[in-house]
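Chain by chain, the residues run as shown.
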Amino acid sequence: MSKIPLQDIPIKNAATVILVRDTNDGPHVLMGQRGKAAVFMPNKFVFPGGGLDSADTQVTLNGRASDTCMARLASQSNEDLALPLLAAAIREMWEETGHPVGLPSDDAADMASTQPTNWQKFFEAGYLPDPSGLEFIFRAVTPPGRPRRFDARFFLGRANLIQGDPDDFSRAEDELSHLQWIPLAKSREFDLPFITEVVLAEVQNRLENPDKNHPVPFFSHDGERSQFSKL
């Protein structure tokens, strides 16, 4: 099978979650390390996230995000993608860390069989996926020439959105290792992708200026030239 030339790699919609945990030592963020054999960003420390799946358009969500979040998502993509992108963010968090961003529900297990296959374990665990606490804070397209390319939307939330012990990663799949809550002040000491460093700076800015109306930075490309704009 012939390989797709790097310049022709298709761009896939994706979603990433940055969870912030407040401690006496300042805010921490949840991150993990990609494997050394990973095709995309090997060995790098990243936030939980990944590509939009067709199942994310079919899952039953408990509500929606804030009006501001929904409007910004809808204005920058197909309006029908807004909720699926939020669903993808929750699914990736569940798969990569074992943490459900959702609400406990006595009905969830009974609903499991009606949900897409890769969502059923989430419901069987007794939760309904709930995007209401997530905010759209950053968008970035992978530069040309990479083996995989994503149009990623980054969502910010607080650690209290997850259910159970935040230090228990026993239900996580094996895509990320060394899962941990990293002090935000020390996060740039880790081996990070460039865009993750930029997003961390945006997170810090938002935490330090919570009352400001922050635009959403957008890292995109015009041919071989990369550029930042504000959404």
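Residues numbered from 1 in each chain as written. Predicted model: local features only at pLDDT ≥ 70, side-chain atom pairs only at ≥ 80, totals over all residues. Heavy atoms only, no water.

Between helix α1 (residues 67-76) and helix α2 (residues 82-97), the least distance of the axes is 9 Å, while the angle of their chain directions is 110°. Comparing the axis directions of α1 and α2 gives the class roughly perpendicular. Here α1 contributes Cys69, Met70 and Leu73 to the contact with α2, which in turn contributes Ala82, Leu83, Leu85 and Leu86. Among the residues forming the contact of α1 with α2, the class breakdown is seven nonpolar, no polar and no charged. (Axes fitted to C-alpha atoms, helices over the stretch in contact; angles between N-to-C directions. Helix = DSSP H or I, 4+ residues; strand = E, 2+ residues; numbered from the N terminus. Parallel < 35°, antiparallel > 145°, perpendicular 65-115°, else oblique. Contact = heavy atoms within 4.5 Å. Nonpolar A, V, L, I, M, F, W, Y, C, P; charged D, E, K, R; others polar.)

All right, on to the packing of aromatic side chains then. Evaluated as defined, the whole model comprises eight aromatic pairs. Centre to centre, the rings of Phe136 and Phe155 are 6.0 Å apart; their planes meet at 45°, and the pair counts as tilted. Remark: Phe155 occurs in strand β8 (residues 149-158) and Phe136 occurs in strand β7 (residues 135-141); sequence separation between them is 19 residues. For the pair shown, Phe136 and Phe155 are each scored as buried. (Phe/Tyr/Trp six-rings, centres within 6.5 Å; stacked < 30°, edge-to-face > 60°. Buried < 20%, exposed > 50% of the residue type's maximum accessible area, 1.4 Å probe, protein only.)

This part is about the pattern of salt bridges. One pass over the full model with this rule turns up eleven salt bridges. Where Asp191 meets Lys44, a salt bridge forms, and the shortest distance between an N and an O atom there is 2.8 Å. Here Lys44 lies in the loop between β2 (26-34) and β3 (45-46) and Asp191 lies in the loop between β9 (176-183) and α5 (194-208), a separation of 147 residues in the sequence. A relative accessible area of 24% means that Lys44 is categorised as partly exposed. Asp151 is the partner of Arg153 in a salt bridge, and the nearest nitrogen-oxygen pair spans 3.5 Å. Owing to a relative accessible area of 2%, Arg153 belongs among the buried residues under this scheme. The class for Asp151 is buried, based on a relative accessible area of 9%. In the salt-bridge network here, residues are joined through shared partners; they are Asp56, Arg91, Glu92 and Glu95. (Salt bridge = Lys/Arg side-chain N within 4 Å of Asp/Glu carboxyl O.)

What follows is about the pairing of β7. By the criterion of burial, β7 is predominantly enclosed, with six of the seven residues buried. Here β7 pairs with strand β10 (residues 217-222) via two bridges, running parallel. Note on β10: the bridge partner recorded for Arg139 is Phe218. (Pairing = 2+ DSSP bridges.)

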